[in-house]
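# Remarks on the overall topology
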Amino acid sequence: MEVATLMRAEEGLPEGVAPPGGIADLSALLGTWFNTDKNTGGVVRMVLAGMPADFTVHAFGAGSPPSQEYDWGSTGAVAYASGVASPDGMAFSATYDFGFVETFLAAYTKSGILVLDTFNVFKDGSGRSNYFSREFFHR
Amino acid sequence: MEPSRISRRRDLPEAGLRPLAPVDLAPLLGIWVNFDLKSRGIARLELEERQGGLTVRVFGAAYWGEVPAFPFTDGVGLHAAVAFNAFYDFGGVRVTLACYLNKRLLVVDAYTTFHDGSGRSPYFARDHFYIPG
């Protein structure tokens, strides 16, 4: 199939390389990831599970008191490779909508560490600022 | 007003801090140029305040157009913008930009999915930008 106009050069397949047909290997992502900061007030751990077609994330937020956790439940996630020609997942995104706050997760792996960025939008009129966070996880 | 609901402790404002509205967009505004002149990704972003909101224009191999961008602070009780996200839908290609400031650098993570039957993998790309001068 002919590819339409490229918005970035990196969107094109290298010469002579066949398209992989999507993500096939999630092994770099799957498993339970723990925050490297045991005193975090953000995401404590995440469980990444499933196949490329039904890939999910199950996150747990830091509770108050810290001995408790907020179980965010499981939600669908999208896996990403490091380039258009790779079938190997190394990043993901997902969205949680809690009603009062919507949290977008954007994460990638690097040297065995998972780096998680969250973008949090409050919808409850509480006056809290929408905020960004960045945290690091290990398996 | 005391927030009644949280999903993690960070959703609670720290003692003594009060959110100020609107968010101060100044740290994000300007023309950001990719450090890597040979980048095959995004070459330049232009972030502008318009009627109290934030807009972004992206230039890659082609001009992406202008879309709203959504600013974020570093905490629920803070007001200086330190990050933003934005979404481009080109039909067969959709790109979510997840961006944040790191000192004087703007880090741009692009999460791209294809919906054109081309068989290309969705992919993640990262670029670093600065404001010349």
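We now turn to the structure provided with this report. Keep in mind the model is a prediction, meaning the values are calculated, not measured. In this numbering scheme, every chain counts its residues from 1 along its sequence in written order. A letter from A marks each chain and a number from 1 marks each ligand, given out in the order of writing. Since the coordinates come from a predicted model, pLDDT governs what is reported: local features require at least 70, and pairs of side-chain atoms require 80 or more to be given and counted, while whole-chain, interface and lining totals use all residues.

## Here we look at the overall build of chain A
Strands are runs of DSSP state E lasting at least two residues, helices are runs of H or I lasting at least four, and both sets are numbered from the N terminus onward. Across its full length, chain A holds zero helices and eight strands. Mapped in sequence order, the helices and strands of chain A form the string β-β-β-β-β-β-β-β. Projected onto its principal axes, the C-alpha positions of chain A cover 55 × 35 × 25 Å. In this scheme the burial state of a residue depends on its C-beta neighbours within 10 Å: 20 or more other such atoms mean buried, 12 or fewer mean exposed, and anything in between means partly exposed; the C-beta positions come from the backbone. In chain A, which comprises 139 residues, the share counted as buried stands at 39%. Of all intrachain contacts in chain A linking residues separated by at least 6 positions in sequence, the fraction that spans at least 24 positions is 34%. It is the C-beta atoms, placed from the backbone, that decide contacts: two residues are in contact if theirs lie within 7 Å.

## Points about the sheet that holds strand β3 (residues 53-59) of chain B
Think of a sheet as strands paired side by side through backbone hydrogen bonds, with each pair either parallel or antiparallel. Residue and element names in this part refer to chain B. The criterion for strand pairing is that DSSP finds at least two bridges linking the strands in question. One closed barrel holds the eight strands; their spatial order is β1-β2-β3-β4-β5-β6-β7-β8, and the pairing between them is antiparallel. Geometrically, the sheet is characterised by an average inter-axis angle of 30° between neighbouring strands, direction not taken into account. Here strand β5 (residues 83-89) pairs with strand β6 (residues 93-102) via seven bridges, running antiparallel. Bridge pairing links Asp89 to Arg94 in β6. Every axis corresponds to a line fitted to the C-alpha atoms, with the helix fit spanning only the stretch in contact, and the corresponding angles, defined between N-to-C directions, vary from 0 to 180 degrees.

## Notes on the environment of Tyr96 of chain A
All names here are of chain A. Here Tyr96 shows up in strand β5 (residues 91-97). The sequence separation of Tyr96 and Gly73 amounts to 23 residues, and the corresponding C-alpha distance is 9.0 Å. Residues within four places of Tyr96 in sequence aside, it is in contact with Trp72, Thr75 and Thr103.

## Some points on the nonpolar core
What makes a nonpolar core is a set of buried Ala, Val, Leu, Ile, Met, Phe, Trp, Tyr and Cys residues, with links drawn between C-beta atoms within 7 Å. One finds Tyr80 and Phe92 of chain A to be the most contacted residues of the largest nonpolar core, which totals 65 residues. Of the residues forming this core, the biggest block, six residues, is contributed by β6 of chain B. If we skip the residues at most four places from it in the chain, Tyr80 of chain A touches Gly89, Met90, Ala91 and Phe92 of chain A together with Tyr111, Pro122, Tyr123 and Phe124 of chain B.

## Considerations on the interface of chain B and chain A
Between chain B and chain A, the residue contacts involve 48 residues of the former and 55 residues of the latter. Contributions of two or more residues to the side of chain B that touches chain A are made by β4 (63-72), β5, β6, β7 (105-114) and β8 (123-130) of chain B. The element that contributes the greatest number of residues to the side of chain B that touches chain A is β6 of chain B, accounting for four residues. Throughout, the ten residues Ala, Val, Leu, Ile, Met, Phe, Trp, Tyr, Cys and Pro are labelled nonpolar, Asp, Glu, Lys and Arg are labelled charged, and all others, Gly among them, are labelled polar. Grouping the constituent residues of the side of chain B that touches chain A by class yields 23 nonpolar, 15 polar and ten charged.

## Remarks on the environment of Thr118 of chain A
Residues and elements named next belong to chain A. Relative to the assigned elements, Thr118 resides in strand β7 (residues 113-122). In this structure, the C-alpha to C-alpha distance between Thr118 and Glu135, residues 17 residues apart in sequence, is 8.6 Å. If near-sequence neighbours (up to four positions away) are discounted, Thr118 is found in contact with Thr103, Phe104, Leu105, Phe132 and Ser133.

## Notes on the pairing of strand β8 (residues 131-138) of chain A
Residue and element names in this part refer to chain A. Alignment of strand β1 (residues 31-35) against β8, held across two bridges, turns out to be antiparallel. Residue pairing across strands places Asn35 opposite Phe137, the latter belonging to β8. Bridging between β7 and β8 involves seven bridges; their strand directions are antiparallel. Considered in β8, the bridge of Thr118 is made with Ser133.

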